[in-house]
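A closer look at the structure
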Amino acid sequence: MGVPIGELVSKKELELENLNGRKVAIDAFNAIYQFLSTIRQRDGTPLMDSKGRITSHLSGLFYRTINLTEAGIKPVYVFDGKPPEFKKKELEKRAEAREEAREKWELALARGDLEEAKKYAQRASKVNELLIEDAKKLLELMGIPWVQAPSEGEAQAAYMASKGDVWASASQDYDSLLFGTPKLVRNLTITGRRKLPGKDVYIEVKPELILLEDVLNGLKLTREKLIELAILVGTDYNPGGIKGLGPKKALEIVRHSKDPLLKYQKTSDVDLYAIKEFFLNPPVTNEYKLEWKMPDEEGVLRFLCDEHDFSEERVKNGLERLKKAIKAGKQFTLDAWFKK
DNA sequence: GCGTGTCA
DNA sequence: TGACACGCC
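Residues numbered from 1 in each chain as written. Chains lettered and ligands numbered in written order. Predicted model: local features only at pLDDT ≥ 70, side-chain atom pairs only at ≥ 80, totals over all residues. Heavy atoms only, no water.

Here we look at the packing of helix α5 (residues 129-142) against helix α13 (residues 297-307)
Selection rule: Helix axes use the C-alpha atoms of the stretch in contact, all axes being lines fitted to C-alpha atoms, and the angles between their N-to-C directions lie in the range 0 to 180 degrees. Under the scheme used here, helices are H or I runs from DSSP no shorter than 4 residues and strands are E runs no shorter than 2 residues, and both carry numbers assigned from the N terminus. Between two residues, a contact is recorded if the distance between any of their heavy atoms is within 4.5 Å. Residue polarity is assigned by list, with Asp, Glu, Lys and Arg as charged and Ala, Val, Leu, Ile, Met, Phe, Trp, Tyr, Cys and Pro as nonpolar; anything else, Gly included, falls into the polar class.
Put simply, α5 and α13 touch, their axes get as near as 8 Å, and they point 145° apart. Contacts from D134, K137, L138, L141 and M142 of α5 reach α13 at G299, V300, F303, L304 and E307. Residues that form the contact of α5 with α13 fall into these classes: six nonpolar, one polar and three charged.

Below, the structure written as structure tokens:
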């Protein structure tokens, strides 16, 4: 998933306090997928209400949004629209991988191997339309803005960041760099512990900031060349990339060739130039309003507790934290204003 | 992933 | 106060 250019990218470690007072455009699909795959019981079953509807993503969204607000961050979630036609192959690949994982999940469960079961259950995670609708509804009730992208959410987030409507985009994937975000935040979480695959070892995961300018300067590339590099090593639109080309070789090629795609286009069954054009000029919209409001407390309680069986005590507690954080944030903004 | 209770 | 185990729905 996403472009495999992590090893070429220069990162700065970030304290959450550094984001105080900043607006951040979060890739909603990316966040929801993470919640859905990680918030699970020991056997891999996601959290569900009494009617069997998945609630893992609601739990994740609710508490993370409160945490970000407490850190003085103003989040806006950006949802995917219609994927481009040439993403079909990648989406089919993911569907196959999910199906395979689902079968292995069942087999592991039958053997009573819980650890394996959970691993495959996570890989079988599927973000469907109902999860998206519920997520949007929760955000609205919480007073948090969300934006409907016409196409890729990463592209819309990058557009909003490059216009200066938000300070940065946030995602685990690097794609928004290709779409031109000046700043990308990864690992935008509070509790920075992540389990290493396989072993029972946890590592500290801190938020990190990636500046497009640093990446381009470090690699001595233009954004157009970075896009060509990504296409050679593989994107969601041409999974796998060019056979036999890794990041290092690809970097040399794009540095020394005026039109690196030309040679590989001849033997490729996808339109590499169309992909490049898509990264350079993706469909985006100006139709959004970024307003952070006080939460509709009754609405949140009805939605999470009455409809989805969340603990009233926990949700009320969360709402108190959210209200307090919003007021503190307003105070901060006014203080900063009067100090000027 | 995250909150909460427990133990030092 | 911080690390950890457990349950959340």
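Structure's up, so let's keep going.
Concerning the UniProt feature "binding site: Mg(2+) 2" (unreviewed entry) in chain A
For the record, the criterion: UniProt positions are given in the numbering used here, feature names are shortened, and annotations may be inferred rather than shown by experiment. A 1.4 Å probe rolled over the protein chains alone gives each residue an accessible area, and that area as a share of the maximum for its type sets the label: buried under 20%, exposed over 50%, partly exposed in between.
The UniProt record marks D173, D175 and D236 with the feature "binding site: Mg(2+) 2" (unreviewed entry), using the residue numbering of this structure. Sequence-wise these annotated residues cover 64 residues; spatially they are packed, their C-alpha atoms never more than 10.8 Å apart. Position of D173 relative to the elements: it lies in the loop between β5 (168-170) and α7 (175-178). Assessed through its relative accessible area of 4%, D175 is described here as buried. Each residue touching D175, except ones within four places of it in the same chain, is listed here: G2, V3, E154 and D236.

Concerning the protein's contact with DNA strand B
Here is the rule: Consider each residue's heavy atoms; a residue with any of them within 4 Å of a molecule or strand counts as near. The term polar contact refers here to a pair of N or O atoms within 3.5 Å; inside protein, the definition further demands a hydrogen-donor-capable atom paired with an acceptor-capable atom, and it admits residues adjacent in sequence only when both atoms are side-chain atoms.
Around DNA strand B, the structure places 15 residues, and the nearest of them are T38, R64, T191, N317 and R321. Counting only the atoms of DNA strand B that lie within 4 Å of the protein, the sugar and phosphate share comes to 77%. At 2.9 Å, a side-chain N or O of R64 approaches a phosphate oxygen of DNA strand B. Between DNA strand B and R321 there is a distance of 3.0 Å, counted from a phosphate oxygen to a side-chain nitrogen or oxygen. For the surface near DNA strand B, the elements supplying multiple residues, two or more each, are α1 (28-38), α2 (56-70), β7 (193-195) and α14 (312-339). Broken down by element, the surface near DNA strand B gets its largest block of residues, four residues, from α2.

A closer look at the protein's contact with DNA strand C
Neighbouring residues of DNA strand C: R40, Q41, L47, M48, T55, H308, D309, F310, S311 and R314. By atom count, sugar and phosphate contribute 61% of the portion of DNA strand C lying within 4 Å of the protein. At a separation of 2.9 Å, a sugar or linking oxygen of DNA strand C approaches a polar side-chain atom of T55. At 2.7 Å, a backbone N or O of H308 approaches a sugar or linking oxygen of DNA strand C. Of the residues assigned to the surface near DNA strand C, the class counts are three nonpolar, four polar and three charged.

Details of the environment of V166
Structurally, the position occupied by V166 is in the loop between α6 (153-163) and β5. Residues V166 and I326, spaced 160 residues apart in sequence, show a C-alpha to C-alpha distance of 18 Å. Beyond its immediate chain neighbours, meaning those up to four positions away, V166 contacts K23, V24, A25, V76, A157, M160, A161 and L290.

Section: the domain arrangement of chain A
Using the following cut-off: Residue ranges labeled as domains rest on an automatic or database domain assignment. Should a side-chain nitrogen of Lys or Arg be within 4 Å of a carboxyl oxygen of Asp or Glu, the pair is scored as a salt bridge.
Along its sequence, chain A is organised into domain 1 (1-218) and domain 2 (220-282). Centre-to-centre, using C-alpha coordinates, domain 1 lies 25 Å away from domain 2. Each side of the interface is counted separately: domain 1 has 27 residues, and domain 2 has 22 residues. The tally of links from domain 1 across to domain 2 stands at two salt bridges. Taken together, the connections running from domain 1 to domain 2 amount to eight residue pairs in polar contact (both at pLDDT 80 or more).

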